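Chain and residue survey
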Amino acid sequence: VTAFNEIFLRSDSDQAALVNLTRRFNGASIAEDRIHCDGIMVSTAKGSSGWNRSYHGPMRSLDENVMIINGIGAPAGFRNGVYDAAAALTIAITN
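This part is about the overall build of the protein. Within the protein one finds one helix and seven strands. When its helices and strands are written in sequence order, the protein yields β-β-β-β-α-β-β-β. Here the protein has a C-alpha radius of gyration of 13 Å; the compact-globule value for 95 residues is 12 Å, and the two agree. Across its three principal axes, the protein shows a C-alpha extent of roughly 35 × 30 × 25 Å. Here the protein holds 95 residues, and 35% of them are scored as buried. Here the protein has roughly 5700 Å² of accessible surface; of this, 50% comes from carbon and sulfur atoms. If the 8 positive side-chain charges of the protein are averaged to one point and the 9 negative ones to another, these points end up 4 Å apart.

Pasting the structure below:
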């Protein structure tokens, strides 16, 4: 998916879901998280100033070619991620 600002991925229920988030770069797994949250937001640097910031994500320079991953309603220990936009991202949301 190509996005200019951000995309939201959430469970189809009205409750928090168990999210299995695997981040891969060039086919190699670089991080895996299993968290209960309301969903995941992936934003570009250009989209990072609004929603991303409201979910405690980092501000990035507009000229950076990155994607920022945030957990929506995620527990305090969830690590937001900043990755090269060329990274392949796999997300599974289960109820």
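Let us now look at the side chain of Asn70. You can see Asn70 is positioned in strand E5 (residues 66-72). Classification of Asn70 as buried rests on a relative accessible area of 0%. Contact partners of Asn70, with chain neighbours within four places excluded, come to Gly39, Ile40, Met41, Asn52, Tyr55, Gly57, Phe78 and Asn80.

The biggest cluster of nonpolar side chains holds 12 residues, and these are Val19, Leu21, Ala31, Ile35, Cys37, Ile40, Val42, Met67, Ile69, Phe78, Tyr83 and Ala87. Of all elements in the fold, only strand E2 (17-25), strand E3 (28-37), strand E4 (39-44) and E5 reach the threshold of two or more residues within this core. It is E3 that contributes the most residues to this core, three residues altogether. Beyond its immediate chain neighbours, meaning those up to four positions away, Ala87 contacts Arg24, Phe25 and Met67.

For Ile68, the position within the fold is in strand E5. By relative accessible area, Ile68 is classed as buried at 0%. Each C-alpha atom of the pair Ile68 and Gly47 lies 9.1 Å from the other, and the pair is 21 residues apart in sequence.

Close approach of charged atoms allows side chains of opposite charge to pair. Inspection of the entire model under this criterion finds one salt bridge. Between Glu64 and Arg60 there is a salt bridge, and its shortest N-O distance comes to 2.9 Å. With relative accessibility at 27%, the residue Glu64 sits in the partly exposed group. For Arg60, a relative accessible area of 29% translates into the label partly exposed.

What holds strands together in a sheet is hydrogen bonding between their backbones, with the strands either parallel or antiparallel. Ordered in space as E1-E4-E5-E6, the four strands form an open sheet in which the pairing is antiparallel. With one partner strand each, in any of the chains shown, strand E1 (6-10) and strand E6 (81-84) form the two edges of the open sheet. Strand-to-strand, the axes of this sheet are offset by a mean angle of 20 degrees, without reference to chain direction. When E4 meets E5, the two strands line up antiparallel, connected through six bridges. From the neighbouring strand, Met41 faces E5, where its bridge partner is Asn70.

Reading the values: the criteria
Residues numbered from 1 in each chain as written. Predicted model: local features only at pLDDT ≥ 70, side-chain atom pairs only at ≥ 80, totals over all residues. Heavy atoms only, no water. Helix = DSSP H or I, 4+ residues; strand = E, 2+ residues; numbered from the N terminus. Rg over C-alpha atoms; globule rule 2.2 N^0.38 Å. Buried < 20%, exposed > 50% of the residue type's maximum accessible area, 1.4 Å probe, protein only. Areas by Shrake-Rupley, 256 points an atom, 1.4 Å probe, with all protein chains shown as cover. Lys, Arg positive; Asp, Glu negative; His and termini not counted. Charge placed at Lys NZ, Arg CZ, Asp CG, Glu CD. Contact = heavy atoms within 4.5 Å. Core = buried A, V, L, I, M, F, W, Y, C linked by side-chain atoms within 4.5 Å. Salt bridge = Lys/Arg side-chain N within 4 Å of Asp/Glu carboxyl O. Pairing = 2+ DSSP bridges. Axes fitted to C-alpha atoms, helices over the stretch in contact; angles between N-to-C directions.

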